[in-house]
Amino acid sequence: MPTDCSPKLFGFEEVERKAVVAGFDGGAITSNAGALLLGQVDRGLGLVRRFAECFTDRRDRRFVEHKVETLVGQRIFGLALGYEDLNDHDELRKDPVMAVLAGKLRAHRADCEAVAGKSTLSRLERIPKRHGAKYHKIDFDQAKLDALLLDMFIEAHRRGPRPKSIVLDLDNTDIPLYGHQEGRHYHGHYQNYCYLPLYVFCGRHLLLARHKRANVEGASGSVEEVARMVARIRRDWPRVRITLRGDSGFAREALMTWCEDNGVDYVFGLAGNKRLEKELTGELAQAKALCEASGKAARVFRDFRYQTLDSWSKQRRVVGKAEHTLEGANPRYVVTTLNTSAWDARALYEDLYCARGEAENRIGEQFELFADRASCETMAGNELRMQFSAMAYVLIDTLRRVALRHTQFADASAQTIRLKLLKLAALVKTSVRRIRFAIASACPNQVEFEMAHLYLSRAFSSA
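As the structure is a computational prediction, the values presented were derived from the model and not from experiment.

Scoring rules and cut-offs
Residues numbered from 1 in each chain as written. Predicted model: local features only at pLDDT ≥ 70, side-chain atom pairs only at ≥ 80, totals over all residues. Heavy atoms only, no water. Helix = DSSP H or I, 4+ residues; strand = E, 2+ residues; numbered from the N terminus. Buried < 20%, exposed > 50% of the residue type's maximum accessible area, 1.4 Å probe, protein only. Contact = heavy atoms within 4.5 Å. Arc of directions from axis to C-beta. Pairing = 2+ DSSP bridges. 1 Å grid on protein atoms, 1.4 Å probe; cavity = no way out; pocket = protein on both sides within 12 Å on 5 of 7 lines; lining within 4 Å. Points joined across faces, edges and corners; volume = space filled by probe spheres on them. Phe/Tyr/Trp six-rings, centres within 6.5 Å; stacked < 30°, edge-to-face > 60°. Lys NZ or Arg CZ within 6 Å of the ring centre and 35° of its normal. Disulfide = S-S within 2.5 Å. Polar contact = N/O pair within 3.5 Å; in protein donor to acceptor, adjacent residues only side chain to side chain. Patch = residues over 30% accessible without salt bridge, like charges linked within 9 Å, V, L, I, M, F, W, Y side chains within 5 Å. Areas by Shrake-Rupley, 256 points an atom, 1.4 Å probe, with all protein chains shown as cover. Salt bridge = Lys/Arg side-chain N within 4 Å of Asp/Glu carboxyl O.

Description of the overall build of the protein
At step 1: Across its full length, the protein carries 16 helices and 19 strands.
At step 2: Projecting the C-alpha coordinates of the protein onto the three principal axes gives extents of approximately 85 × 65 × 50 Å.
At step 3: Scored against the burial criterion, the 463 residues of the protein give a buried share of 50%.
At step 4: In the protein, the proportion of contacts linking residues at least 24 apart, taken out of those at least 6 apart, comes to 65%.

Structure (structure tokens):
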């Protein structure tokens, strides 16, 4: 251990005639002590173990130091803690927190750490490129992961009453591409080369994360995905009422017809046109008069039946919002199967449809967990990276819902939870019987940490 006069120390200004120095000689110290809570969540959900079961490992076990479960767990916890690059793991593998989360303090070989380095993790993430090659040893089954996300969604409600109705939010986003990745296409709306992934949420629960090329419409593949999810949900909740919600990109004949034929409601945005604007002529004039009289934006709603000239098979209920702001007219439209007795025009638009903005917040959290990192050459490799981020989101969201619901972090974003509760410095002391993480006495979120540990212990001990 270097002494106070070590030349490797860094000198700073004096405080009350005492020299201020710093050096990397503190011994076993971590800046990720809060991740012990994530480990508690993982043990309760069995998330890493179940996610690892989505992989097929054909490596010769005689020469395997790090199991697939260790690799995927390391990657998930690293993303949750803010380490988006594989290069980070060459030093992160020495972090005692990562060893504890992996369930082991040391590797079997003397020349290895308890968890893997960047090269091993890189081979894991790049595996989809090597189908048919002799050195391709690990495969990933996307269908198993799709089923896992739905299973965890159902399990999250087993401690309470079954929901009578749920709303599934469908949304697309763009993941910009700055190289020549497989499947890249230019998208005119986003004005960039990108992927166009499809996300499905139910409240804060993530049900689907699927990469798509940008040269297809946003609703492409949604019928198949919705049919699969609805069938799985109704297997456990046969009487639940399901409503789909999405922007105008999902107001497509195939999806709407499937919903109508299978007892699923929907409320989708509807792109405006001259025929729709003509339906709102009177309401737009009324809204303009109200706006000019009050000096504030005004809204007037109208309910009517509408059918496109050739793409729809029948008339459907449309709600028009005739809004006039200080900048001018701002009409909007939604199409729905919900009847007027359940939802009048204003409530349907303002209370139900506008709530889809919450799904956009959840997609923003995916980016906080680096789901937009698409630096693999193959589309399948980038898809796998997005699934790691999805699993990291499930961990943090479960921590938020179960353990932080009565704290100031009940509605905090993933990035805030990481900064305030997971990135905690601690001195690590190992004895014969235990490993102690001595977190700073001046930590400002001690109460929240204690409450989180207590709630997690209660929730998963009774599960």
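A closer look at helix 9 (residues 253-261)
At step 1: Taken together, the buried positions of helix 9 are occupied by Leu-255, Met-256, Trp-258 and Cys-259. Across the axial projection of helix 9, the buried residues extend over an arc of 160 degrees, all falling on one side. Facing away from the buried surface of helix 9 by more than 90 degrees, the exposed residues are Ala-254 and Asp-261.
At step 2: Close packing links the buried residues of helix 9 with strand 6 (165-172), helix 8 (222-236), strand 12 (241-246), strand 13 (265-270), strand 15 (316-325) and strand 17 (332-336).
At step 3: Gly-263 sits one or two positions beyond helix 9 and adopts a positive phi of about 70 degrees.

Brief notes about the sheet that holds strand 19 (residues 435-439)
At step 1: Spatially, 3 strands are ordered 3-18-19 in an open sheet, and the strand pairing comes out antiparallel. With one partner strand each, in any of the chains shown, strand 3 (29-30) and strand 19 form the two edges of the open sheet.
At step 2: Pairing between strand 18 (residues 426-430) and strand 19: 5 bridges, direction antiparallel. Paired with Val-428 across the two strands is Phe-437, which belongs to strand 19.

Structural notes on the layout of surface pockets
At step 1: Taken as a whole, the largest pocket holds about 830 Å³ of empty space.
At step 2: Lining of the largest pocket is provided by 32 residues; of these, Glu-69, Thr-70, Leu-101, Ala-102 and Gly-103 occupy positions nearest its centre.
At step 3: Listing elements by their share of the lining of the largest pocket, those giving two or more residues are helix 1 (35-45), helix 2 (47-52), strand 4 (55-57), helix 3 (68-80), helix 5 (96-101), strand 19 and helix 16 (446-461).

Focus on unusual backbone geometry
At step 1: Even without being glycine, Gln-191 reaches a positive phi, approximately 55 degrees.
At step 2: Mapping Gln-191 onto the fold places it in the loop between strand 8 (185-187) and strand 9 (192-195).
At step 3: With phi around 70 degrees, Phe-370 is a residue other than glycine that occupies positive phi space.
At step 4: Along the polypeptide, Phe-370 turns up in the loop between helix 13 (357-368) and helix 14 (379-403).
At step 5: Residue Phe-370 is classed as buried on the basis of its relative accessible area of 15%.

Describing the sheet that holds strand 8
At step 1: As summarised here, the arrangement of the 3 strands in space is 7-9-8, forming an open sheet in which the pairing is antiparallel. Each edge of the sheet is formed by a strand with only one pairing partner; in this case those strands are strand 7 (175-176) and strand 8.
At step 2: Where strand 7 meets strand 9, 2 bridges bridge the pair, whose relative direction is antiparallel. Following the sheet pairing, Ile-175 is matched in strand 9 by Tyr-195.

Observations regarding helix 15 (residues 414-422)
Side chains of residues three or four places apart in an α-helix project in the same direction, reflecting 3.6 residues per turn.
At step 1: Listed in full, the buried residues belonging to helix 15 are Ala-414, Ile-417, Arg-418, Leu-421 and Leu-422. In an axial view of helix 15, the angular spread of the buried residues amounts to 110 degrees, which keeps them on one side of the axis.
At step 2: Residues of helix 15 that are buried sit in contact with helix 1, helix 3, helix 13, helix 14 and helix 16.

Let's talk about the packing of aromatic side chains
At step 1: In total, this model carries 12 aromatic pairs according to the counting rule given.
At step 2: An angle of 70 degrees between the planes, with centres 5.5 Å apart, marks the rings of Phe-153 and Trp-237 as edge-to-face. Residue Phe-153 is found in helix 7 (residues 142-155), and its partner Trp-237 is found in the loop between helix 8 and strand 12; the two are separated by 84 residues along the sequence.
At step 3: Their ring planes at 80 degrees and their centres at 5.7 Å tell us that Tyr-306 and Trp-312 sit as a pair that is edge-to-face.
At step 4: On the basis of relative accessibility, which here comes to 5%, the residue Tyr-306 falls in the buried class.
At step 5: In this structure an aromatic cluster arises from ring pairing among Phe-51, Phe-55, Phe-140 and Phe-388.
At step 6: Here the basic side chain of Arg-184 rests over the ring of Tyr-193, its NZ or CZ set 3.9 Å away from the ring centre.

Points about the state of the cysteines
At step 1: Under the counting rule described, the total for this entry stands at 0 disulfides.
At step 2: Not part of a disulfide, Cys-194 finds its nearest cysteine sulfur in Cys-376, a span of 17 Å.
At step 3: With a relative accessible area of 0%, Cys-194 lands in the buried category.

Thoughts on the side chain of Asp-265
At step 1: Among the secondary structure elements, Asp-265 is positioned in strand 13.
At step 2: Within the structure, the side chain of Asp-265 is placed 2.7 Å from the side chain of Arg-241, a separation counted as a polar contact.
At step 3: Of the polar contacts made by the side chain of Asp-265, one reaches the side chain of Thr-337; its length is 2.9 Å.
At step 4: Apart from residues lying up to four places away in sequence, Asp-265 is in contact with Arg-241, Ile-242, Thr-243, Leu-244, Thr-337 and Leu-338.

With respect to a nonpolar patch on the surface
At step 1: There is a patch of nonpolar side chains on the surface, built from Phe-10, Phe-12 and Phe-24 and spanning about 420 Å² of accessible area.
At step 2: When you line up the elements, Phe-12 lands in strand 1 (residues 10-15).

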